[in-house]
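Geometric and topological summary
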Amino acid sequence: MDIHEYQAKQLLAKYGVSIPPGEVVYQTHEAENIVSWLNEENIIVKAQVHAGGRGKAGGVKLCKTHQEVIKTVDKMIGMKIVTPQTSETGKIVNRIYLEKAYKIKKEFYFCITIDRETGGNTIVSSKRGGVDIEEVAEKHPDEIFKMKISPGSDLLTHHARTIVYNLGLSGNAAKKAQKNILAIYKAFTSLDAAMIEVNPLALVADDDIMVLDCKSSFDDNALYRQRQVAEMKDENEYDPLELEAARHDLNYVKLDGNIGLMVNGAGLSMATMDIIKHYGGEAANFMDVAGAATPERVAAAFKLIYRDSDVKGILINIFGGMMRCNDIAEGLVNASKEVGLDKPLVVRLEGTNVEMGMEILKNSGFPIKPVDTMEQAAKDVVEMVKEKK
Amino acid sequence: MAVLLTKESKIICQGFTGAQGTFHSERAIEYNTNIVGGVTPEKGGTKHLDIPVFNTVAEAKKITGCNASGVFVPPPFAADAILEGVEAELDLIVCITDGIPTSDMQRVKREMKGSKTRLVGPNCPGVLTPGIGKIGIIPGHICRPGRIGVVSRSGTLSYESAVQTAKLGQSTIIGIGGDPVNGTNFVEALELFLNDPDTDGIVLIGEIGGTAEIEGAEFIRSWKGNSKKPVAAFVAGAAAPKGRKLGHAGAIVNSGDETADAKKDALRSAGVEVSDTITRIGESMMKAMGE
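Going along each chain's sequence as written, the residues are numbered from 1 onward. To read the labels, note that chains go from A and ligands from 1, taken in the order they are written. Thresholds applied to this predicted model are a pLDDT of at least 70 for local features of residues and 80 or more for the giving and counting of side-chain atom pairs; totals over whole chains, interfaces and linings are not thresholded and use all residues.

Here a helix means four or more residues in a row that DSSP labels H or I, a strand means two or more in a row labelled E, and each is numbered from the N terminus. When you go through chain B residue by residue, the secondary structure sums to 10 helices and 14 strands. As defined in this context, the radius of gyration uses C-alpha atoms, and a globule is described by 2.2 Å times the residue total to the power 0.38. Taking 19 Å as the expected radius of gyration for a compact globule of 291 residues, we find that chain B reaches 19 Å, a close match to that expectation. Principal-axis analysis of the C-alpha atoms gives chain B an extent of 55 × 45 × 30 Å. Within chain B, buried positions represent 60% of all 291 residues. In this description, a residue-residue contact is defined by the distance between C-beta atoms placed from the backbone, which must lie within 7 Å. A sequence separation of at least 24 residues applies to 69% of the contacts in chain B between residues at least 6 apart. To sort residues by exposure, count the other C-beta atoms lying within 10 Å of each residue's C-beta; 20 or more gives buried, 12 or fewer gives exposed, and values between give partly exposed, all with C-beta atoms placed from the backbone.

Dropping the structure here:
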């Protein structure tokens, strides 16, 4: 789960990380109180959306007067932000963060993430902060410094020291950076984070070190024991269908194509997306009916996909294993009745009683095409959606 | 002989009396698996499915001599259950549980350093040796005894592979699971199959994310002379949108090796027969075997 910049900063501050004074607002009039409370010459106004690249999209503005802050907030609320990391329709700004703007002396990049290769965490840092780190990785790979922390181990002082020396810091600034790095790592492990990316980590006046921007993501599996993080979920950031899927414990991600998919298992879901693409189609979603593919879950998942107006045809690919295919087929026919199915539906079932299941689908009276193989199912659904156009 | 699960395996189920533990133990018993006991705290001394229940793994081991365990314990308690089996010095622990916090698994990884126990999973379908038995949830009826070793990150794709290699049959099917931090990896599973006299060919099913397939490819490349075995592979996720999960840093940490295409290329250049779709994995295996 992702959270907003201001929420991440609130969490980091609890662990002793240095962050600028600031406050979030939802409406213009709230900004008036905040500017007088902040009482700073320069204030930075930042749209809070879960997407990188918002600066270039007009979501970050430096303001030099209080009137300018109010005017900017007024303009930014409700604004649509489209960046390479959002969908084409972009994201609406509902929350704006106002914080003290600093004169920056140096900018660094600092990130902690789970490393699948080692099973531990890896810290990535660079002297070249404040810019797109992927670009730095490409153009100056030798200026990216990686430190691998072994699984379940703490970040020790000598680790932090090594990182700050690599950033070229010394004296008081080095001490403060070291303290901040240790605190961010502590926050990472204590809060079950999956990634905390600080860009930039900045050196400002008086040798102070500040987290000026922060993106973070948390382990969904650990949210049950991280209530303060779980409560930070902003439902506006999610596609409504994704939210509903989450309520049914379905693993669903909305995509850009027009073929609705319903599959059991994450691997088979991806493999089904792949084969659709192989035959020239594009999936409208990723859907893993996680857990047992019971008739009830299959019906709930089917109705959800059906409601997506981008979906022009549906492919159901269930490897039932121990599930009885006739039960799944009956669940599907009932769901088809409920929605009044009029989009092409191709179904491939594998498992116990597969012939019975196929018979039920054939005789349903709905435009359902049962097929024997996944390959045929993919070819058919791509063809049927093309014909519909 | 097969790998991991053999005629000598004595198996217990942790989380035995729960819904999942019960259902899948019943299926395993139907499949003639040698289940000698179960563990559920507070239910020690009773019987479940006609099999003795113990309070702890240590007690189960003392009385039954078990050497392997299937873990069906709910996510918040699963890491602890794994470590209980590790401390009892079982040879094999297969953890089926999906949804264990990553930091819990990092802790397991730390505690298992230097241990003699092998962990398979978590978030995996388990291990099945046709004709011998199974730990986990792989449906027995789709597997046939034979000489192909299957190793897969995905459960359902290991089932697809079993169905498509029915003609050749399988020596053992190993689901290593899809979690970021897990036990047995591709290299270790490949090594088991390479050293198994009953395995003639290997199916490897990977996914986007991480670098385990790349390491597997490097290992296959290092095979020399007579100890080579034909490998067929599929990597799921070529059509998946980039960066939906961990964003930039994940990609940077793993230096761009994460895409399905990069993994397929690495496997191909190591001499693996790579299938473009999962539906051709059986064909690819036949081709790699020269049949």
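This brings us to the sheet that holds strand S9 (residues 133-136) of chain B. Here, a strand pair is defined by DSSP locating no fewer than two bridges between the strands. The strand order S9-S8-S11-S10-S12-S13-S14 (chain B) describes an open sheet built from 7 strands, whose pairing is mixed. Each edge of the open sheet carries a strand with a single partner, namely S9 and strand S14 (273-274) of chain B. Looking at chain direction, strand S10 (residues 145-152) of chain B and strand S12 (residues 201-207) of chain B are connected through 5 bridges and run parallel. Bridging across to S12 of chain B, Ser 152 of chain B finds its partner in Ile 205 of chain B. Every angle, taken between N-to-C directions, lies between 0 and 180 degrees, and every axis is a line fitted to C-alpha atoms, over only the stretch in contact when it is a helix. Relative to the sheet, helix H9 (residues 266-278) of chain A contacts S12 and strand S13 (231-236) of chain B, its axis offset from that of S13 of chain B by approximately 85°.

The next thing to look at is the nonpolar core. Core membership is restricted to buried Ala, Val, Leu, Ile, Met, Phe, Trp, Tyr and Cys residues, and these are joined into a nonpolar core through C-beta atoms within 7 Å. The biggest cluster of nonpolar side chains holds 142 residues, and the ones touching the most others in it are Met 262 and Met 287 of chain A together with Val 71 and Ile 82 of chain B. When residues no more than four places from it in sequence are discounted, the contact partners of Ile 82 of chain B are Val 71, Ile 93, Cys 95, Val 108 and Leu 119 of chain B. Ranked by size, the runner-up nonpolar core spans 46 residues in total, among them Cys 111, Ile 133, Ala 173 and Ile 209 of chain A.

Here we come to helix H9 (residues 260-269) of chain B. Residue and element names in this part refer to chain B. Those residues of H9 lying buried are Ala 260, Lys 263, Lys 264, Ala 266 and Leu 267. The buried side chains of H9 occupy one side of the element, clustering within an arc of 160° when seen end-on. Every exposed residue of H9 that faces more than 90 degrees away from the buried side is listed here: Asp 261 and Ser 269. Where the residues of H9 are buried, they touch S12, helix H7 (212-221), S13 and S14. Gly 271 lies just past H9 and shows a positive phi near 90°. Within this analysis, the arc is defined by the directions that extend from the helix axis to the C-beta atoms.

A few words now on the interface of chain A and chain B. Interfaces are often sized by the accessible area lost when the parts come together. Listed per partner, the contact involves 49 residues of chain A and 46 residues of chain B. Put simply, the parts of the chain that give the side of chain A that touches chain B at least two residues each are strand S8 (106-114), strand S9 (121-126), helix H4 (133-139), strand S11 (193-203), H9, strand S17 (313-324) and helix H13 (374-388) of chain A. Ranked by residues supplied to the side of chain A that touches chain B, first place goes to H9 of chain A with 11 residues. Looking at the side of chain A that touches chain B residue by residue, the classes come out as 23 nonpolar, 15 polar and 11 charged. All amino acids are sorted into three groups, where Ala, Val, Leu, Ile, Met, Phe, Trp, Tyr, Cys and Pro are nonpolar, Asp, Glu, Lys and Arg are charged, and the leftover types, Gly among them, are polar.

Turning to helix H6 (residues 186-194) of chain B, a few remarks are in order. Residues and elements named next belong to chain B. Within the span of H6, buried status applies to Phe 186, Ala 189, Leu 190, Leu 192 and Phe 193. End-on view of H6: buried residues confined to an arc of 155°, all on one side of the axis. On its buried face, H6 sits against S10, strand S11 (170-175), S12 and H7.

This brings us to the environment of Val 45 of chain A. Residue and element names in this part refer to chain A. Structurally, Val 45 is set in strand S3 (residues 43-47). Considering only alpha carbons, one finds Val 45 and Val 347, 302 residues apart in sequence, at a separation of 51 Å. Excluding residues that lie within four positions of it along the chain, Val 45 makes contacts with Lys 61, Cys 63, Val 69, Thr 72, Val 73, Met 76, Ile 96 and Leu 98.

A separate point is the sheet that holds strand S7 (residues 96-100) of chain A. Residues and elements named next belong to chain A. Across the sheet, 4 strands lie side by side as S2-S7-S3-S4; this open sheet has antiparallel pairing. Each having just a single partner strand, strand S2 (22-25) and strand S4 (60-63) make up the two edges of the open sheet. In this sheet, neighbouring strand axes are inclined to one another by 20° on average, regardless of whether the strands run parallel or antiparallel. In this sheet, S4 lies alongside S3 in antiparallel orientation, the contact comprising 4 bridges. In the strand pairing of S4, Ile 43 is matched with Cys 63. The strands touched by helix H2 (residues 28-38) within the sheet are S2, S3 and S7, with S7 carrying the most contacts at an inclination of about 15°.

Turning next to the confidence of the model for chain B. All names here are of chain B. Per residue, pLDDT captures the predictor's confidence, and it can take any value from 0 to 100. Averaged over every residue, the pLDDT of chain B is 92; residues scoring 70 or more account for 94%. Below a pLDDT of 50 lies the segment residues 245-255, which in the model reaches 30 contacts outside its immediate sequence neighbourhood of four places, other chains included. With a pTM of 0.92, the predicted complex shows an ipTM of 0.91.

So, about the environment of Ala 187 of chain A. Tracing the sequence through the fold places Ala 187 of chain A in helix H6 (residues 171-190). Here Ala 187 of chain A is in contact with Leu 11, Leu 12, Tyr 15 and Val 17 of chain A, once residues within four sequence places are set aside.

Attention now moves to the domain arrangement of chain B. Residue and element names in this part refer to chain B. What marks off one domain from the next here is an automatic or database domain assignment. Taken domain by domain, chain B consists of domain 1 (11-120) and domain 2 (126-289). A C-alpha centroid distance of 25 Å is found between domain 1 and domain 2. Taken together, the contact pairs 19 residues of domain 1 with 16 residues of domain 2. Looking at the side of domain 1 that touches domain 2, the elements with two or more residues in it are helix H1 (19-30), strand S5 (68-71), helix H4 (102-111) and strand S7 (118-120). Counting residues per element, the side of domain 1 that touches domain 2 draws most heavily on H4, which supplies 4 residues.

With that settled, the discussion passes to the domain arrangement of chain A. Assigned domains within chain A: domain 1 (1-20 + 103-237), domain 2 (21-101) and domain 3 (239-388). Each of domain 1 of chain A and domain 3 of chain A was reduced to a C-alpha centroid, and the two centroids are 41 Å apart.

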